[in-house]
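The primary structure of each chain is shown beneath.
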Amino acid sequence: MSRLRGVLVGCAVGLLAAGCASFPEQPAPTGWSPAPQLTPQAGPEPELPGQLPGSPGQGRPGQQTPVPPPQGCKDFNPAVVGTCLSPVSAVALTDVNQTTGAVTALATERATGRLVRVTKDVEPVVLHAFEVDASSDGGLTGLTLSPTYPEDQLVYVYLTTPTDNRVLRIAPGDVPKPVLTGIPRGPSGNRGVLAHDRTGALLVATGDAGDPASAADPASLAGKVLRIDGSGQPARGNPTEGSRVLASGLRSPGGLCVSGDGSKTWVTDAGAAGDLLYRVEAGRPLGDPAWSWPDKPGVSGCAALSNAVWLGTSRAPGTLVLPMNPDGGFTGKPEPYLDEEGGYGRIGAMVAIDDNAALVGTVNKDAGGAPVSSDDRVAVVVRQSGSENGRD
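Only a predicted model underlies this, so the values are computations on that prediction, with no experimental measurement involved. (Residues numbered from 1 in each chain as written. Predicted model: local features only at pLDDT ≥ 70, side-chain atom pairs only at ≥ 80, totals over all residues. Heavy atoms only, no water.)

Enquirer: What exactly am I supposed to notice about the packing of aromatic side chains here?
Expert: We describe a pair of aromatic rings using the distance from one ring centre to the other and the angle between the two ring planes. Tallying each qualifying case throughout the model produces three aromatic pairs. When the centroid spacing of 5.3 Å and the interplanar angle of 50° are considered together, the rings of Trp 266 and Phe 330 count as tilted. With Trp 266 in strand S15 (residues 265-270) and Phe 330 in the loop between strand S21 (319-323) and strand S22 (335-337), this residue pair connects regions lying 64 residues apart in the sequence. Ring geometry for Trp 310 versus Tyr 337: centroids 6.2 Å apart, planes at 45°, classification tilted. Of the two residues, Trp 310 is situated in strand S20 (residues 308-313) and Tyr 337 in strand S22; the sequence distance between them amounts to 27 residues. Residues Trp 310 and Tyr 337 agree in their burial class; the two are buried. An aromatic cluster of at least three residues, connected via ring pairs, comprises Trp 266, Trp 291 and Phe 330. (Phe/Tyr/Trp six-rings, centres within 6.5 Å; stacked < 30°, edge-to-face > 60°. Helix = DSSP H or I, 4+ residues; strand = E, 2+ residues; numbered from the N terminus. Buried < 20%, exposed > 50% of the residue type's maximum accessible area, 1.4 Å probe, protein only.)

Below, the structure is given as structure tokens:
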């Protein structure tokens, strides 16, 4: 993903402002095995038709530029990429038009099993409809792109079937192929999420299938962060040779994110007594969470930034920004962001574009939400610096 991110980031942020931003070089990656040398290349600066207005909710209320409310599936917010979807479980940025700045993304719908391609003001295109069992917290819940997506166009998904949870790989013009099957399925704890680390290994966070003991069992694939190669085998450099397990102790993960320099990996979980954020340490049980939310706002998708972890909340409007110390610890409390009227409502899926921008998907059509006519949506959101992250 880092190579793709380097190509797309400037123009994605350019969707929200005329011209592309300039971003500093990332430090050398660190991880569990030597990473290949990657050289991000910024895309050409897009020629945009004038200054685009800021997105509602992306700053202090007094600084917002009014945007007309949506009319049916037409959303006038320039940051909105896709509209009129079912609740979105995962998102991935695939392309930015270098002439217009228009973003194209992929999104998954948990309950329908649809993988769709979205571009602003274009009807969503269904790329595949998976048969899924969404009767519990499972369904089509995980999505990530191949680290070499611009060349191979490979997409990975995590889904629940009537018999198991599994990871599949999809290539253009081909049927989905199994990568890892037999992940335990149960009455709960079926949600799973995907990411890639800076070495190109596929990270898979799995639920405990309703059996907490399985999360501690090293022989079970349930309740784990797994690290595998493209064929589903244990990735080179794993803590235990021949084992897919990187860390253990999950219940129902909702987000998995790796920092841009590869040094920190985070996973969110719906714990029995609250929502949790864990730092993943190779070869260790997850242990005590880095942060917990006893009020259960539905902490789900995450974006690992250089100085914060940015989190979507699927049961409360907006997002949370958790400021981070250089050592990866937290001292300040989470700051609400995009939670005011004019934001996007409840946000489940989230993936970082760069250190200040993320692609998100909303879940306002789920029970208890307050959808607008264009929900559910995929959008690009930009984090403001300093005190503008939260309320004054």
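Moving on from the model shown.
Enquirer: Help me out: how do you make sense of the pattern of salt bridges in this one?
Expert: For side chains of opposite charge, pairing can occur when their charged atoms come near one another. Counted under the stated rule, the structure contains nine salt bridges. Here Lys 74 ties to Asp 121 by a salt bridge, and the two come within 3.1 Å at their closest N and O atoms. Of this pair, Lys 74 sits in the loop between helix H1 (2-13) and strand S1 (80-82) while Asp 121 sits in the loop between strand S4 (114-119) and strand S5 (122-129), and the two are 47 residues apart along the sequence. Close ionic contact of Arg 166 with Asp 164 constitutes a salt bridge, the shortest N to O distance being 3.0 Å. Residue classification places Asp 164 among the buried positions, given a relative accessible area of 6%. When salt bridges that share partners are traced, they join Asp 75, Asp 375 and Arg 377 into one network. (Salt bridge = Lys/Arg side-chain N within 4 Å of Asp/Glu carboxyl O.)

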